Every structure is written in C-alpha cells, then in structure tokens.
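# Coordinate inspection notes
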Amino acid sequence: MNNQPDQKSYIPQETPCPICGSQNFAWGRTVGESVSQWVYFRADGAGWGGGEKLRARKCLDCKNVQLFTYN
C-alpha cells in the first residue's frame, strides 16, 4: 500500500503556495547566527554530518515561508 499523495508536480519552483495559491516567491537560504552558517535537516538517529542543507522560499503575497532540502 502506497500512502503517497497523488503524484502532482512537487518541484518547489512549480508548486504554488499551500496557504494562498500564489506563485510569487522570493528564494533564499536559511542561516544561523553567522551569514556563513547553514541550517540543516537531520533525521532522528542520523550521525553527525548526515544532514541536508536547507533552502527557503517566502511567498510575497501571504508571507508564508517554506523550507526545502537541496537536491
């Protein structure tokens, strides 16, 4: 049994904002205290260095922010 949603476009650049439906975004990255410090996603149980850098997009209409991992 596959619990995945219907396969539509899940390419972040092609997917509208889930809040308002807009496709008007500013793209950027997440940073920590320092501009050169990345923020990572690391799954529970993963070892140090097992994380993925995060990229962010902000809807310019409703201001919703979403995070994505780099491919």
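About the thresholds
Residue positions are given per chain, counted from 1 along the sequence in the order it is written. At least 70 in pLDDT is required for a residue's local features to be given in this predicted model, at least 80 for side-chain atom pairs to be given and counted, and no such filter applies to totals for whole chains, interfaces and linings, which use all residues. With hydrogens and water stripped out, all remaining heavy atoms of the structure feed into the side-chain values. Pairing of aromatic rings covers Phe, Tyr and Trp, the last through its six-membered ring, and needs centres within 6.5 Å; plane angles under 30 degrees mean stacked, over 60 mean edge-to-face, and all others mean tilted. Helix and strand definitions here come from DSSP, where helices need a minimum of 4 consecutive H or I residues and strands a minimum of 2 consecutive E residues; each element is numbered from the N-terminal end. The rule is short: NZ of Lys or CZ of Arg within 6 Å of the ring centre and within 35 degrees of the ring normal puts a charge over the ring. Being paired, for any two strands, means DSSP has found at least two bridges between them. Per-residue confidence from the prediction method is given by pLDDT, with values spanning 0 to 100.

This part takes up the packing of aromatic side chains. Summed over all chains, the structure comprises 1 aromatic pair. Residues Trp-27 and Phe-68 carry aromatic rings whose centres are separated by 5.8 Å and whose planes lie at 35 degrees to one another, so their mutual orientation is tilted. In this pair, Trp-27 is assigned in strand E1 (residues 25–29) and Phe-68 in strand E4 (residues 65–69), connecting sequence segments 41 residues apart. In this structure, Arg-29 is placed above the aromatic ring of Trp-38, and the distance from its NZ or CZ to the ring centre is 3.7 Å.

The next thing to look at is the pairing of E4. In this sheet, E4 lies alongside strand E3 (residues 52–59) in antiparallel orientation, the contact comprising 5 bridges. Bridge pairing in E4 links Lys-58 to Val-65. Counted along the chain from E3 to the antiparallel partner E4, the turn is 5 residues long, and its residue Lys-63 has a positive phi close to 75 degrees.

For the rest of this paragraph, the subject is the confidence of the model for the protein chain. Per-chain confidence: the protein chain averages 83 in pLDDT, with 86% of residues scoring 70 or above. The least confident element of the protein chain is strand E2 (residues 40–41), whose mean pLDDT is 84; the most confident is E1, at 93.

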